[in-house]
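Observations on the three-dimensional arrangement
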Amino acid sequence: MNEVLRTRLEDSPPQPPRKQQSPTNTKTDKPQREEWGAWFQRWWYDRFGVYMEDFRFQPEETTVEAEEPLSAKRLTENMRRLKRGARPVTNFMRNLSALSNWHSVYTSAIAFIIYANAAWHGWAMPMFLFLAILRLSLNYLIARGWRIQWSIVPEVSEPIEPPKEDLTVSEKFQLVLDVAQKAQNLFGKMADVLEKIKNLFMWVQPESTQKLYVGLWVAFITSCVLPYKLLGFMIGVYAGIKFFIIDFIFKSCPKLRDNYDTPYIIWNSLPTDPQLKDRTNATVSRRVQPVVARGSIATIPCGVARDEEAGRSHSTKKGAFHEIFNLAEAERPLAVCENGWRCCLINRDRKMPTDYIRNGVLYVTENYLCFESSSSRSSSSKKNKVIKLADITDIQKPLVFGAMIHRDEAFEAIFTQYVKIMTTTKPPANPEL
């Protein structure tokens, strides 16, 4: 057997050796894949890297804005900017009010017919959208230089005040007070509106909030039962009748409005937070008053006259009024200025800063103009000023009473009393201030 196998192997042709796979192919494929992966990552980052950065979670940075120092010029400028910025809104509201009040009969009649036709055919929403597009188109033409002015109520151009650069100390004080008073009134109105809305939803006045609660339930049930097309038709028709007819009747008849205009009655009856505080204090005082009255009967002297009681009310914080200014006991502040007017006495003849401006209170009596300085420590202090009204012949610059909030009221009271004195008595020959 071994010999047979050996002979067969010798007779068979020689086979070529098998080629072994070279490892160089696998080594070259791997760098190509890495190159393709790096290229794809670069392409992906170049295309979408900006968007991917937006989704990266980072801690929120809190930046504290630097507050500007108080400046009379800056305060006045900001108030003017606020007034100019709110002018389009105020003009729009004024035109709506004029349209509802039938200021122009033809304009209101045309607007009512167009709105009624649109509401009847279910085109109320497209009509408002078309009006918004029309308003933007007109604004574009105006921005391009076209002169288009249309208003139901003619606009009154306010006089532009020239900027004052050289202001005196008194004028700066008065400017700051005027702007502060406007800001105070504006913020007060905004606070009243917000507090009324808050008190309406917080059941502070249950009888008013109950009406809103029932109305919301009725509106919710109606919106669930009726189809939206019919509901929109009903709301549109009611809004047109309310705006053009009902509001006009209520504004023309105030008594009818006070009795039957439910939204108006609810809004006026809603209290603000100061009103709630006053009600609470009044309730507490009514409860405490009977107890105090029983315990204080024996402490009231029986021989006190009404004149003496009124005389004690006219006194300053430092003593009796006539003792502070060395006047007769009959000299008392007028009823319009029992507590005086807070102001600053600016004496331009003085060079020292402490004597240049003095804070205090200004009083007007039947015959005198009295200024009580806040820095005076005794009744005989020289910082208090007493000016006889009959001796005033002219207004001079060196002595100025400025920074007064109730300036017009003070001027009217001084001028009225001065005219009253001059008509009853004859002034001296050569008076001096």
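The model shown is predicted, which means the values in this text are computed figures rather than measured ones.

Each helix and strand in the protein was counted, giving 16 helices and seven strands. Residues counted as buried form 18% of the 433 residues belonging to the protein. If you take every contact in the protein between residues at least 6 apart in sequence, the share linking residues at least 24 apart comes to 61%. Here the protein displays about 35400 Å² of accessible surface, and carbon together with sulfur accounts for 60% of that area.

This part covers the state of the cysteines. Taken as a whole and assessed by the stated rule, the structure comprises zero disulfides. The thiol sulfur of C337 is not disulfide-bonded, and the nearest other cysteine sulfur, from C370, lies at 9.3 Å.

Right, let's get into the pattern of salt bridges. The full count for this structure, using the stated rule, is four salt bridges. Of the charged contacts in the structure, one is a salt bridge between D247 and K242, with a shortest N-O distance of 2.6 Å. The class of D247 is buried, set by a relative accessible area of 17%. Residue D261 is joined to R257 by a salt bridge in which the shortest nitrogen-to-oxygen separation is 3.4 Å.

Taken as a class, soluble globular proteins show a tendency for nonpolar side chains to be buried jointly. Counting 16 residues, the largest nonpolar core has W341, L362, V364, L369 and M404 as the members making the most contacts within it. Contributions of two or more residues to this core are made by strand 3 (341-347), strand 4 (357-364), strand 5 (368-373) and helix 16 (407-424). Ignoring any residue separated from it by four or fewer positions in sequence, one finds V364 in contact with R332, P333, L334, C337, W341, L369, I414 and Q417. Among the nonpolar cores identified, the runner-up in size contains eight residues, and A98, A118, I152 and F244 belong to it.

Counted by the stated rule, this structure contains 16 aromatic pairs. Ring geometry for F112 versus F244: centroids 5.3 Å apart, planes at 65 degrees, classification edge-to-face. Here the residue F112 occupies a position in helix 5 (residues 105-120), and F244 occupies one in helix 9 (residues 228-252), the gap between them amounting to 132 residues. Through pairs of rings, three or more aromatic residues link up here, namely F112, Y115, F128, F243 and F244. One residue, R257, lies across the ring of Y264, its end atom 4.1 Å from the ring centre.

A few words now on the side chain of S208. Secondary-structure assignment places S208 in helix 8 (residues 206-225). Sequence-distant contacts of S208, defined by excluding residues within four places in its chain, comprise L200, I266, S269 and L270.

Here we come to the pairing of strand 5. Of all six residues in strand 5, five are buried; the element is thus mostly enclosed. Sheet topology places strand 4 next to strand 5; five bridges connect them, and they run antiparallel. Paired with V361 across the bridge in strand 5 is E372. From the end of strand 4 to the start of strand 5, which pair antiparallel, there are three residues.

Our next topic: the confidence of the model for the protein. Taken over all residues, the pLDDT of the protein has a mean of 78, while the share at 70 or more is 73%. Mean pLDDT in the protein bottoms out at helix 13 (residues 306-313), which sits at 41, and peaks at helix 8, which reaches 94. Counting interchain partners and residues more than four positions distant, the pLDDT-below-50 stretch residues 291-313 has five contacts. Ignoring residues within four places in sequence, the model shows residues 427-433, a span with pLDDT below 50, making 12 contacts including any to other chains.

What follows deals with the packing of helix 5 against helix 9. Taken N-terminus to C-terminus, the directions of helix 5 and helix 9 make an angle of 170 degrees; their axes are 9 Å apart at the nearest point. If you check the angle between helix 5 and helix 9, you find them roughly antiparallel. On helix 9, the residues touching S108, A111, F112, Y115, A119 and W120 of helix 5 are F233, G236, V237, A239, G240, F244 and I245. Here the contact of helix 5 with helix 9 is composed, by residue class, of 10 nonpolar, three polar and no charged.

So, about the environment of S97. Tracing the sequence through the fold places S97 in helix 4 (residues 87-100). Counting along the chain gives 151 residues from S97 to F248, while the straight-line C-alpha distance between them is 9.6 Å.

Turning next to the side chain of T76. Position of T76 relative to the elements: it lies in helix 3 (residues 72-85). Accessibility expressed as a relative area gives 11% for T76, which makes it buried. Every residue in contact with T76, bar those within four places of it in the chain, is listed here: L175 and V179.

Let us look at unusual backbone geometry. The phi dihedral of W102 is positive, around 55 degrees, even though this residue is not glycine. Locating W102 in the fold gives a position in the loop between helix 4 and helix 5. When its relative accessible area of 23% is taken as the criterion, W102 is described as partly exposed. Here W203, not a glycine, exhibits a phi torsion of approximately 60 degrees, which is positive. Its location among the elements puts W203 in the loop between helix 7 (169-201) and helix 8.

With respect to the helices and strands, N339 occurs in the loop between helix 14 (321-324) and strand 3. With a relative accessible area of 71%, N339 lands in the exposed category. With 24 residues separating them along the chain, N339 and Y363 place their C-alpha atoms 7.9 Å apart. For N339, the residues in contact, after removing those within four places along its chain, are V361 and Y363.

All right, on to the environment of G340 then. Along the chain, G340 turns up in the loop between helix 14 and strand 3. In sequence terms G340 and F371 are 31 residues apart; their C-alpha atoms lie 9.1 Å from each other.

About the cut-offs
Residues numbered from 1 in each chain as written. Predicted model: local features only at pLDDT ≥ 70, side-chain atom pairs only at ≥ 80, totals over all residues. Heavy atoms only, no water. Helix = DSSP H or I, 4+ residues; strand = E, 2+ residues; numbered from the N terminus. Buried < 20%, exposed > 50% of the residue type's maximum accessible area, 1.4 Å probe, protein only. Contact = heavy atoms within 4.5 Å. Areas by Shrake-Rupley, 256 points an atom, 1.4 Å probe, with all protein chains shown as cover. Disulfide = S-S within 2.5 Å. Salt bridge = Lys/Arg side-chain N within 4 Å of Asp/Glu carboxyl O. Core = buried A, V, L, I, M, F, W, Y, C linked by side-chain atoms within 4.5 Å. Phe/Tyr/Trp six-rings, centres within 6.5 Å; stacked < 30°, edge-to-face > 60°. Lys NZ or Arg CZ within 6 Å of the ring centre and 35° of its normal. Pairing = 2+ DSSP bridges. pLDDT = per-residue confidence, 0-100. Axes fitted to C-alpha atoms, helices over the stretch in contact; angles between N-to-C directions. Parallel < 35°, antiparallel > 145°, perpendicular 65-115°, else oblique. Nonpolar A, V, L, I, M, F, W, Y, C, P; charged D, E, K, R; others polar.

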